[in-house]
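Chain by chain, the residues run as shown.
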Amino acid sequence: MDERVIGPYREWRMSLRPGLQALAKAGAAAGGGDERAARAALAEALRYVDGLLLPASEAEEFTLFPTIDGVFGMTGACEALKLQHEALREMASDLRKVAAAAEKDGDTCAYGRYLQPLLFGLYGLARAHLESEDAAFLPLLDAHLSESQVNVLVENSERIATAKAAG
């Protein structure tokens, strides 16, 4: 891919991709009979959601989305993506509730019918969200931003995501 300046931001966003597999793995494990594997996979998925995915989504709302608005010369260009972020947050909240119930009962696999749609749904929505942003917005930003603007975008995204993950 021939890019002018957006590479550092694309690289930062690539750090979000490996964790997607934790969601898929937890979804598969929740449908199995191995309680230990299901519990461990669910814990890993929750670490990804709360420690990386949701903090990065919040960072986008303060960094990426206003930048896109600036390129388009209008506000609200990313409203549909903000709604996707809200759906991710709601699904993550539901996942936490089901995970807590499973933990309380000590039987993650028994909650598989509730966990699987949430985990696989989060996987699908997050993957589609990331891929659509990458395909639609990163080439646009590459054409319109300077190297220093991209560096500020990366620095601010990292700073905000780290602060959000820390709570």
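One can find the structure itself at the top, above this paragraph.
Predicted, not measured: the structure shown is a model, and the values here were computed from it.

Quick notes on the rules
Residues numbered from 1 in each chain as written. Predicted model: local features only at pLDDT ≥ 70, side-chain atom pairs only at ≥ 80, totals over all residues. Heavy atoms only, no water. Core = buried A, V, L, I, M, F, W, Y, C linked by side-chain atoms within 4.5 Å. Buried < 20%, exposed > 50% of the residue type's maximum accessible area, 1.4 Å probe, protein only. Helix = DSSP H or I, 4+ residues; strand = E, 2+ residues; numbered from the N terminus. Contact = heavy atoms within 4.5 Å. Axes fitted to C-alpha atoms, helices over the stretch in contact; angles between N-to-C directions. Parallel < 35°, antiparallel > 145°, perpendicular 65-115°, else oblique. Nonpolar A, V, L, I, M, F, W, Y, C, P; charged D, E, K, R; others polar. Polar contact = N/O pair within 3.5 Å; in protein donor to acceptor, adjacent residues only side chain to side chain. Salt bridge = Lys/Arg side-chain N within 4 Å of Asp/Glu carboxyl O. Phe/Tyr/Trp six-rings, centres within 6.5 Å; stacked < 30°, edge-to-face > 60°. Left-handed = near helix turned anticlockwise from the far one by under 90°.

**With respect to the nonpolar core**
When a protein is soluble and globular, its nonpolar side chains tend to lie buried together. Counting residues in each nonpolar core, the largest one holds 52 residues, and the members touching the most others are Tyr9, Leu23, Leu95, Leu115, Leu119 and Leu141. For this core, the secondary-structure elements that each account for two or more residues are helix H1 (7-14), helix H2 (20-30), helix H3 (35-62), helix H4 (64-72), helix H5 (79-105), helix H6 (112-144) and helix H7 (147-166). In contact with tyrosine 9, other than residues within four places in its own chain, are Glu60, Leu64, Leu138, Val150, Leu153, Val154 and Ser157.

**Side note on the packing of H3 against H4**
Where H3 contacts H4, the two axes come as close as 3 Å, and the packing angle between them is 30 degrees. Classed by the angle they form, the pair H3 and H4 counts as roughly parallel. In this structure, H3 contributes Ala59, Glu60, Glu61 and Phe62 to the contact, and H4 contributes Leu64, Phe65 and Pro66. For the contact of H3 with H4, the per-class residue count stands at five nonpolar, no polar and two charged.

**Examining the side chain of arginine 17**
Here arginine 17 is to be found in the loop between H1 and H2. Within the structure, the side chain of arginine 17 is placed 2.5 Å from the side chain of aspartate 134, a separation counted as a polar contact.

**Thoughts on the pattern of salt bridges**
Side chains that carry opposite charge are capable of pairing whenever their charged atoms lie near each other. Here the structure, examined in full by the defined rule, presents 14 salt bridges. In this structure, arginine 39 engages glutamate 103 in a salt bridge whose closest nitrogen and oxygen atoms are separated by 3.9 Å. With arginine 39 in helix H3 and glutamate 103 in helix H5, this residue pair connects regions lying 64 residues apart in the sequence. Because the salt bridges share partners, they merge into one network encompassing Arg13, Arg17, Glu60, Arg127, Glu131, Glu133 and Asp134.

**Quick word on the packing of aromatic side chains**
Applying the stated criterion to the full structure yields two aromatic pairs. Both rings, one in tyrosine 9 and one in tryptophan 12, keep their centres 5.7 Å apart while their planes meet at 25 degrees; by these two values the pair is stacked. Here tyrosine 9 and its partner tryptophan 12 are both found in helix H1, three residues apart, which amounts to about one turn of the helix. The pair tyrosine 9 / tryptophan 12 is uniform in exposure class, with both members buried.

**Brief notes about the packing of H2 against H6**
A packed helix pair is summarised by two numbers, namely the angle formed by the two axes and the spacing between the axes. Between H2 and H6, whose axes approach to 8 Å, the crossing angle comes to 160 degrees. Considering their axes alone, H2 and H6 lie roughly antiparallel with respect to each other. The chirality of how H2 crosses H6 is left-handed. Side by side, H2 and H6 meet where Leu20, Gln21, Leu23, Ala24, Ala26, Gly27, Ala28 and Ala30 of the first sit next to Gly112, Leu115, Gln116, Leu119, Phe120, Leu122, Tyr123, Ala126, Arg127 and Leu130 of the second. Split into classes, the residues belonging to the contact of H2 with H6 amount to 13 nonpolar, four polar and one charged.

**Some points on the side chain of glutamate 133**
With respect to the helices and strands, glutamate 133 occurs in helix H6. Residues in contact with glutamate 133, not counting those within four places in the same chain, are Arg13, Glu60, Leu64, Phe65, Leu81, His85 and Leu138.

Keep in mind these values describe shape, not function.
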